[in-house]
Number of protein chains: 2
Amino acid sequence: MLNQTVPLDRVFHALADPSRRGMVERLSRGPASVGELARPLAMSLPAVVQHLAVLEGSGLVRSEKVGRVRVCRIEPAALGTAERWIAERRTLWEHRLDRLGDLLAEDADASHRGRES
Amino acid sequence: MLNQTVPLDRVFHALADPSRRGMVERLSRGPASVGELARPLAMSLPAVVQHLAVLEGSGLVRSEKVGRVRVCRIEPAALGTAERWIAERRTLWEHRLDRLGDLLAEDADASHRGRES
DNA sequence: CATATACTTAAGCATATGCTTAACCAAACC
DNA sequence: GGTTTGGTTAAGCATATGCTTAAGTATATG
């Protein structure tokens, strides 16, 4: 498994901003133009375009130009990468807690039997 | 559902750095001291402590001092928050794709029946 | 053809981030 | 009590981020 650190950096960084998460949220309900993405945000259009560039750079969003409007859509794969990383860490400490639980159980068991070992 | 935007900002920002993810990864296998966390990283101890502060600020990690060594542990809840946010977005566009699939199915159905509507 | 619309590009700026080194503090060791 | 060990605090600095305004381009629309 290749150590793909760069995309994770970009995906998590992209998600670390509430405006960008708002855009992802909007796009998860369906495609939208830059103007539509900008409407709910209290900032200039160029600022929104910069956020969009971060999202595209992370692979979370892709866009194409149709006439004079740019249509943006979500790109599920990148979100999956982030979700998977988190899930893997969770699995690790869950297993660790399992082993800890086993140890405690053994311990309890041992003390019932009169603390051998 | 309260709009808890601040912790998500911090959690995603904390995860956006490979050194910090490395620390989380290490801690997901069990508690560690600051020195242990620093060992694999090519940077000064104060830099590591600053990363640790970011992780603690996000709620991903908590630590306590035992004698002269600081013991750090992972805090599962924060990771869960991030995972949940992503999962919710995924659910949204999956449902959207379902509806889209329904539409296409209806469409195909309609064209079989001779393109009504 | 003229004008409005929907971006796009460029430049500039304030603040935040990610380090560094130097100096300091307190628990453990000899 | 002196020294090593493990961490902490402070200051400084280079670069990155997140905006802004101003000006430009290309596609509709009347």
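These figures come from a predicted structure and were not determined experimentally.

A. Quick look at the packing of aromatic side chains. In this structure the tally under the stated criterion is 3 aromatic pairs over all chains. Clustering of aromatic rings is evident, with ring pairs tying together F12 and W85 of chain A together with F12 and W85 of chain B.

B. Broad picture of the interface of chain B and chain A. Listed as interface residues are 29 residues of chain B and, on the opposing side, 29 residues of chain A. When the area that chain B buries against chain A is broken down by residue, the three leading residues are R21, E83 and W93 of chain B, summing to 22%. At the boundary of chain B with chain A, the tally comes to 6 salt bridges. As a salt-bridge pair, E83 of chain B and R90 of chain A come within 2.7 Å of each other at their nearest N and O atoms. Seen at the junction of chain B and chain A, the total is 8 residue pairs in polar contact (both at pLDDT 80 or more). Listed by contribution, the elements that provide at least two residues to the side of chain B that touches chain A are α1 (5-15), α2 (18-27) and α5 (76-112) of chain B. Per-class residue counts for the side of chain B that touches chain A are 16 nonpolar, 4 polar and 9 charged.

C. Representation of the side chain of S63 of chain A in the model. All names here are of chain A. Mapped onto the secondary structure, S63 falls in strand β2 (residues 61-66). Polar side-chain contacts of S63 include one of 2.8 Å to the side chain of E56. Of the polar contacts made by the side chain of S63, one reaches the side chain of R70; its length is 2.9 Å. Sequence-distant contacts of S63, that is, excluding residues within four places in its chain, are made with E56, R70, V71 and C72.

D. Structural detail: the protein's contact with DNA strand C. What surrounds DNA strand C is a group of 18 residues, the closest being R68 and R70 of chain A together with S44, Q50 and H51 of chain B. Within the side chain of R20 of chain B, one N or O atom sits 3.2 Å away from a phosphate oxygen of DNA strand C. R68 of chain B places a polar side-chain atom, nitrogen or oxygen, 3.0 Å from a base nitrogen of DNA strand C. Elements with a minimum of two residues in the surface near DNA strand C: α3 (34-38), α4 (45-58) and β3 (69-74) of chain A together with α4 (45-58) of chain B. Here the surface near DNA strand C takes 4 residues from α4 of chain B, the largest share from any one element. Grouping the amino acids of the surface near DNA strand C by side-chain chemistry returns 7 nonpolar, 6 polar and 5 charged.

Definitions and limits used
- Residues numbered from 1 in each chain as written.
- Chains lettered and ligands numbered in written order.
- Predicted model: local features only at pLDDT ≥ 70, side-chain atom pairs only at ≥ 80, totals over all residues.
- Heavy atoms only, no water.
- Phe/Tyr/Trp six-rings, centres within 6.5 Å; stacked < 30°, edge-to-face > 60°.
- Contact = heavy atoms within 4.5 Å.
- Buried area = accessible area lost by both parts, 1.4 Å probe.
- Salt bridge = Lys/Arg side-chain N within 4 Å of Asp/Glu carboxyl O.
- Polar contact = N/O pair within 3.5 Å; in protein donor to acceptor, adjacent residues only side chain to side chain.
- Helix = DSSP H or I, 4+ residues; strand = E, 2+ residues; numbered from the N terminus.
- Nonpolar A, V, L, I, M, F, W, Y, C, P; charged D, E, K, R; others polar.
- Near = heavy atom within 4 Å.

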